[in-house]
Protein chains: 2
Amino acid sequence: MQWVKVLGGVVGAAALLGLGIIVGHFAIPKGADSPAPSASASQDLDLEILKTVIEQLDANRIRENLRELSKEPHLATSPRDEALVQLLLQRWQDPESGLDSARTTEYEVLLSFPSEEQPNRVDVVNSTGAILFSCRHSEENLTGEQGGPNVVPPYAAYAPPGTPQGPLVYANQGSEEDFKELQNKGVKLQDSIVLTRYGGVGRGAKAVNAAKYGVIGVLVYTDPKDINDGKSLPNETFPHSWCLPPSGVERGSYFEYFGDPLTPYLPATPSSFRLNSDNASGFPPIPIQPIGFKDAQVLLCNLGGNLAPADWQGGLGCDYNLGPGFRSNGTFPEDRFSCILKGEWAVPRLMFPSSQVNVSVHNRLELRNSSNVLGIIRGAVEPDRYVLYGNHRDSWVHGAVDPSTGTAVLLELSRVLGTLLKKGTWRPRRSIVFASWGAEEFGLIGSTEFTEEFFSKLQERAVAYINVDISVFANATLRVQGTPPIQSVVFSAAKQVERGRAGSGVGDLSGVGLHGISAPGSSGLSIYDNWIRYYNRSSSVYGLVPSVGTLGAGSDYAPFIHFLGISSMDIAYTYDRSKTSARIYPTYHTAFDTFDYVNKFLDPGFTSHQAVARTAGSVLLQLSDSLFLPLNVSDYSETLRSFLQAAENLRVPLEQHSISLGPLVTAVEKFEGAATSLNQRIATLQKGTSDPLQVRIINDQLMLLERTFLNSQAFPEERYYSHVLWAPRTGSVATFPGLSNAYSQAESTGHEPAAWAEVQRQLSIVVAALEGAAATLRPVADL
Amino acid sequence: MQWVKVLGGVVGAAALLGLGIIVGHFAIPKGADSPAPSASASQDLDLEILKTVIEQLDANRIRENLRELSKEPHLATSPRDEALVQLLLQRWQDPESGLDSARTTEYEVLLSFPSEEQPNRVDVVNSTGAILFSCRHSEENLTGEQGGPNVVPPYAAYAPPGTPQGPLVYANQGSEEDFKELQNKGVKLQDSIVLTRYGGVGRGAKAVNAAKYGVIGVLVYTDPKDINDGKSLPNETFPHSWCLPPSGVERGSYFEYFGDPLTPYLPATPSSFRLNSDNASGFPPIPIQPIGFKDAQVLLCNLGGNLAPADWQGGLGCDYNLGPGFRSNGTFPEDRFSCILKGEWAVPRLMFPSSQVNVSVHNRLELRNSSNVLGIIRGAVEPDRYVLYGNHRDSWVHGAVDPSTGTAVLLELSRVLGTLLKKGTWRPRRSIVFASWGAEEFGLIGSTEFTEEFFSKLQERAVAYINVDISVFANATLRVQGTPPIQSVVFSAAKQVERGRAGSGVGDLSGVGLHGISAPGSSGLSIYDNWIRYYNRSSSVYGLVPSVGTLGAGSDYAPFIHFLGISSMDIAYTYDRSKTSARIYPTYHTAFDTFDYVNKFLDPGFTSHQAVARTAGSVLLQLSDSLFLPLNVSDYSETLRSFLQAAENLRVPLEQHSISLGPLVTAVEKFEGAATSLNQRIATLQKGTSDPLQVRIINDQLMLLERTFLNSQAFPEERYYSHVLWAPRTGSVATFPGLSNAYSQAESTGHEPAAWAEVQRQLSIVVAALEGAAATLRPVADL
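Everything quoted here is computed from the prediction, not taken from an experiment.

Asks: Quick one: what's the story with the overall build of chain A, residue by residue and with numbers?
Replies: A count of helices and strands for chain A gives 22 helices and 23 strands. The buried share among the 783 residues of chain A stands at 64%. In chain A, once contacts between residues fewer than 6 apart in sequence are set aside, the share between residues at least 24 apart is 79%. About 25,800 Å² of surface is accessible on chain A, with carbon and sulfur atoms providing 50% of the total.

Structure follows, in structure tokens:
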């Protein structure tokens, strides 16, 4: 999971209506051991099957999957990564519990690795070049799993090679504002090395921002204040707690875009056109290297210069100064002087500057073969409608949490469904595609290449994409990100399921004619009732509901939603935010993210894993088996209203530039009207016997709505981003991203007419998209 | 119709297999007066209905439609254009013969008109500025229809205003090669006015090319050799024959792109973002004015300089010289000299240059409201599948041929279908959308804005677009342009129908259980058998078949095929090319294109109109009513093979730049295999009783194939063009346009690595598209 790219903001809207729709279809129970259902055009979700699946998802099997998946490091394209490809194929081709078919798709993609011969180094050197201090090249071997040739040393993937040397400056999180502040304070940045802490902005952005100020090298570390709730001592960190040990280093991709860097918009087949890597864009402009906080402490606590601002201070137990250079009373030698004769006087002259930091980066770009694994269950009635469920397979080291908690759930879910399939008990209405993506950690590469290769087919036929990357961050609550139409099906699933002991877990199905096996987990609450206690919002439509977050580009859902316009979601269990302020689970992307870490600290009973499996499994079954697709398009209205409300704050300045919000208001109203009417038509149709073609026509409207928000002309600078509602928003106004960004740009450039023209253009693009969306939802014979 | 933009090349492939498929469905006859069929999921084409429609399409009614449509000039957005909007609405809302519904969609678009106060002028002036000769401002009023305020004077729409003056040069057709040749011959082009003849390159290109050489104004005329088979005298031209009279002037749009110039990619709603017209691109860079050949003769036959090359000579009865300037022994005054004293000597000095040509253009850009009219028949079974049939409504003057011959057919076809509909006899399986586009003559504006407004809906649901613009150019033979999958349905229609006397016209249906009313037109041949005598080719699959041409951007099909990837076609009756070499019918875009012209010279019996109505009507019915869509996707294979064969000629130079054709060969083979298998599956399904969802799944594959050829990244410089097989080809090799153009560019730039990289990129784009196309055709559960 690429954490830093997750966009802020929480959207989502409750979906009791949508739930009602789904629930209304829980009406054709079949015995779980009845013969394979014949393909009837009216085949609908079978509640008994759903109950069977929920019950059979086994926490212990998930644990054993995880143990196997994480037992060795499996960096993308490594031998163990390839071995896991075979493991997945074997599971999905198992005669007793496999799927209809499984295969791999391979791409030749550009990855970045540290040199094996020349380790990356970070040293403090004095003015003669003597090394005074060296940062660790690798993490401390605390559990026996941090050593060996398969543990890739900490590095910044795609950072260019180079050996810059200069005085050190502390630059906080390396944001644009941070560098501006340093400049304002008169700190010399030209030819310096900056030390930054993770967070605030994306990894690569730290180098991009730094280079603009003449910085020649960047270091980055994880501050204990940001990840460990302040804890930093060996005996209070892993393996003694879940906290990051002092030598732990977050690896990661520093590539600005996603997908294979050399083949944008084209599948990275061996024969594909490739950019020359010198012409490829999105790589950091200057060398960067990540280090552990223990080493960072040595550097930072020795810095001279003025005291850094209060909110730049961290948990290393010293005052953070800005630099440049080390303080004269610290660990590193002071400046030295010589004398020159001037007339009869000997005048002291600064001969040698302070000790400097030398960063040696020897990363290499390499073309490697990376595989996706695809497992397919053929739909009985509408085999040309695909519900996709995926996660990446590659890790930085053992990757127990990231991504193996997700893959462990994926394998258990596919086992349970595969078993029903092989027994002849069940075959879904629509096709199900399970996917294990390669090289996600380098920038969602496997999934992006997949969407490029199957662009047309997926745009034509994909109903939804379910992503379960890290399935368990922590044990407290469900956390879902997704587009509004998936809210209702997720709520429905979360209400059906409890997090509990093995063998239980079916929640409140009583209203639909079934009685759940009540087996309280922590407190007998459904996943939903627990969730709403942690993350909630007040919906104008539904009242208090759990809040569903928006999708950024943090995992493999990104190409599905942003490039293809496929309704997508990401499902996980996560923290009690009142108990930790950790940016993410502390051993993220380190060699300490191991099976024992999960088994001991994150989810000892694997009940959170099971809860995610049950929730995601129910979502998958509802999407693949319901006669009417459980996508409540009306739930987009709340998002549009909130964007519109934010846009209203711009009404006065926009009108000053002759830009009217009127057409936007009208378009939102049209969308609302069309969505409401469509839901009414569905409700009416559900009362009668449904003509299969009529159902298909409605379902096509539901499926294709998300596609209507794409506009390939909207963001010409943004690779792959074409969804006019979910493209990255850099502007501060929480409205449609194109409008927000263009407005912010126009504001900052003063009264540039071209900038205001772009505001109007972005507004027109949104209006056209909303009009198109409304047109797609209206009765199909009304052109 | 925009004639000059029609791309060359004739593709097409016979479709006996496809025909067989359709014919196989002529099997559920129903009485023509039986009650309205209920919506049965298996509803298929009813041959009795087809026969009824063919028989009822009435030549006299088409004639009367044409008389009404062309009785007054109806330039886009003029009062008469608006009156015709009402006429169309009235016809389509008629209680006895109307459609289910009809409405208008209005756009605010940028048009270009000559000034009413200041007529555009072309004058020969002497060195004192005195006018020696003036070209006519309007055409001669030969039939009483060429006068009056509603006849727009000849002008070049979108040519910028200006009053350049300079010596005249003859520049042939104004192609790049022509200007190069003038330069090579040492003819001074800087600050000259060039006279060009229509043909060879697009209208606007003449000015674009000229401006590169410093030319400051362009004149353009139609040479009698190119349009009148040499005839040029008043008594041998209209109204005495179909030939262009000496004062006739072809008007036209000189805009380089299509669609509203200010709102590319956005529907031109009143509130839409608009480019500032100064920032809009695609307008001619220098003033241009078209003139009649009589005026051109005065200018051209008086030119001095060297004799123009043999293939630059024309039919004006004099030698064409190149200029610059007029010859001294002609109509216009010679140079004059004065003397100056130099010492004691009086020395002659050139005081005045030759007479020059002054071009005064006062065109104005204006935002105008232009309407489309849409008429809809709701589909009984699949209302969300649209078969579109359209033509533009606007003309330059009376527009009898262009576009009213097409609209007259459109109205007769909609009357016949509307009558069956209102009687309750028939309702098509799929929806039919009739369209009357506005402002086509200015650059396909109405249709393009329509595709922008309904982008999503059309991409989701449009089965095909049938364009019938000029329906009758002449009386000899059918002429069809289209994408390969429509070949089979056109052949099928052309075999069913004869061109004959009123009341007859059903051809060979005997093989499908019906007996056509044999009524020989010229010779009792079917449209097909007549067609194959005029335009044919040898197909590797079918043997000798009529040749179907490719689609350029000559009429409103352009946005449908190039921007939306909707299978499209254009149907007309046309010339016997052995009898005329006219570029197009001679009065094209002049004030002589009147009802009498059609009624007297083009199609006195309106049997060609009827033949087009019958053919297009049958195509429309087959597309809207057949259970399986009559699109033979396998017919793309022949096109791909021919492109591949042409690419093979490049194999050696490509390999020298490490570019392999192997992946292209493989992709074509995959496409062929997938298409053949799909046809086999269809044939098998047709033998049994068809499950409606299975039929729908197959039809979706057939419908969406054309979409898979779109790539919005392929031609970033080409507005709207995204179809990787049919984008404009400027390169000389008859292969995939992107490959051909990039190759030609790479060749011409020598060994520029970036140019060869673009060749590889274009190749990869085609390979990816073909792979995607094959994937769409393969069994839907094979991901």
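Still more ground to cover, so stick around.
Asks: Give a detailed account of the sheet that holds strand 8 (residues 193-197) of chain A, specifying residues and quantitative values.
Replies: Two strands in a sheet stick together by hydrogen bonds in their backbones, pointing the same way (parallel) or opposite ways (antiparallel). Residues and elements named next belong to chain A. As summarised here, the arrangement of the four strands in space is 7-8-9-11, forming an open sheet in which the pairing is parallel. Lying at the two open borders of the sheet, with one neighbouring strand each, are strand 7 (168-170) and strand 11 (288-290). Across the sheet, the mean angle separating the axes of adjacent strands is 25° when strand polarity is ignored. The sheet contact formed by strand 7 and strand 8 spans three bridges and is parallel. Residue Tyr170 lies in a different strand from strand 8, and its bridge partner there is Leu195.

Asks: Account for the interface of chain B and chain A, with residues named and values stated.
Replies: Each partner contributes to the interface: chain B provides 48 residues, whereas chain A provides 48 residues. Put simply, chain B and chain A have four salt bridges between them. In this structure, Asp700(B) engages Arg696(A) in a salt bridge whose closest nitrogen and oxygen atoms are separated by 3.0 Å. At the surface where chain B touches chain A, the tally comes to 14 residue pairs in polar contact (both at pLDDT 80 or more). Looking at the side of chain B that touches chain A, the elements that each hand over two or more residues are strand 15 (364-377), strand 16 (382-392), helix 11 (455-461), helix 20 (692-704) and helix 22 (753-777) of chain B. The biggest single contributor to the side of chain B that touches chain A is helix 22 of chain B, with eight residues. Residues of the side of chain B that touches chain A, tallied by class, amount to 25 nonpolar, ten polar and 13 charged.

Asks: Just give me the short version of the state of the cysteines, but keep the residues and values in it.
Replies: Residue and element names in this part refer to chain A. Under the criterion given, the structure shown has two disulfides over all chains. With a sulfur-sulfur separation of 1.9 Å, Cys301 is cross-linked through a disulfide to Cys318. Classification of the bridge connecting Cys301 and Cys318 rests on its S-S torsion, roughly -80°, and on that basis the disulfide is left-handed. You can see Cys301 sitting in the loop between helix 8 (293-300) and strand 12 (336-342) and its partner Cys318 sitting in the loop between helix 8 and strand 12, a full 17 residues away along the chain.

Asks: Provide a residue-level description of the nonpolar core, including the pertinent values.
Replies: If you look at the biggest cluster of nonpolar residues, it comprises 245 residues, and the most contacted ones within it are Leu299(A) and Phe442(A). Of all the elements, helix 22 (residues 753-777) of chain A adds the most residues to this core, at twelve residues. The contacts of Phe442(A), once residues within four sequence positions are left out, are Leu75(A), Ala76(A), Leu111(A), Ser112(A), Phe113(A), Tyr155(A), Ala157(A), Tyr158(A), Ser253(A), Phe255(A), Asp394(A) and Trp396(A). Tyr155(B), Phe326(B), Leu421(B) and Leu739(B) belong to the second-largest nonpolar core, a separate cluster that totals 244 residues.

Asks: Describe the pairing of strand 19 (residues 477-482) of chain B, and please don't skip the residues or the numbers.
Replies: Residue and element names in this part refer to chain B. Here strand 19 lies mainly inside the structure; six of its six residues are buried. Neither face of strand 19 is open: one carries Thr477, Arg479 and Gln481, the other Leu478, Val480 and Gly482, and all of them are buried. Bridge count between strand 19 and strand 23 (residues 568-574): six bridges; the pairing is antiparallel. Directly across from Val480, in strand 23, lies its bridge partner Ile571.

Asks: I'd like to hear about helix 4 (residues 79-92) of chain B, residue by residue, with values.
Replies: Residues and elements named next belong to chain B. Helix length check: helix 4 (14 residues) gives 20 Å between terminal C-alpha atoms against 20 Å at 1.5 Å per residue, within 8%. Every buried residue belonging to helix 4 is among Arg80, Asp81, Leu84, Val85, Leu87, Leu88, Leu89 and Trp92, and all of these are buried. Buried positions along helix 4 lie against helix 3 (59-69), strand 2 (101-113), strand 15, helix 9 (400-423) and strand 17 (430-437).

Asks: Tell me about the packing of aromatic side chains, residues and numbers included.
Replies: Residue and element names in this part refer to chain A. Following the criterion strictly, the structure yields 92 aromatic pairs over all chains and no others. Centroid distance Trp437 to Phe450: 4.9 Å. Interplanar angle 50°. Geometry classified as tilted. A residue pair is termed long-range when its members are at least 10 positions apart, and Trp437 in strand 17 (residues 430-437) and Phe450 in helix 10 (residues 445-453) qualify at 13 residues. According to the relative accessible area criterion, Trp437 is buried, its value standing at 0%. Aromatic pair Tyr585 and Tyr597: ring centres 6.3 Å apart, planes at 50°, arrangement tilted.

Rules of the game
Residues numbered from 1 in each chain as written. Chains lettered and ligands numbered in written order. Predicted model: local features only at pLDDT ≥ 70, side-chain atom pairs only at ≥ 80, totals over all residues. Heavy atoms only, no water. Helix = DSSP H or I, 4+ residues; strand = E, 2+ residues; numbered from the N terminus. Buried < 20%, exposed > 50% of the residue type's maximum accessible area, 1.4 Å probe, protein only. Contact = heavy atoms within 4.5 Å. Areas by Shrake-Rupley, 256 points an atom, 1.4 Å probe, with all protein chains shown as cover. Pairing = 2+ DSSP bridges. Axes fitted to C-alpha atoms, helices over the stretch in contact; angles between N-to-C directions. Salt bridge = Lys/Arg side-chain N within 4 Å of Asp/Glu carboxyl O. Polar contact = N/O pair within 3.5 Å; in protein donor to acceptor, adjacent residues only side chain to side chain. Nonpolar A, V, L, I, M, F, W, Y, C, P; charged D, E, K, R; others polar. Disulfide = S-S within 2.5 Å. Core = buried A, V, L, I, M, F, W, Y, C linked by side-chain atoms within 4.5 Å. Expected span 1.5 Å × (residues − 1). Phe/Tyr/Trp six-rings, centres within 6.5 Å; stacked < 30°, edge-to-face > 60°.

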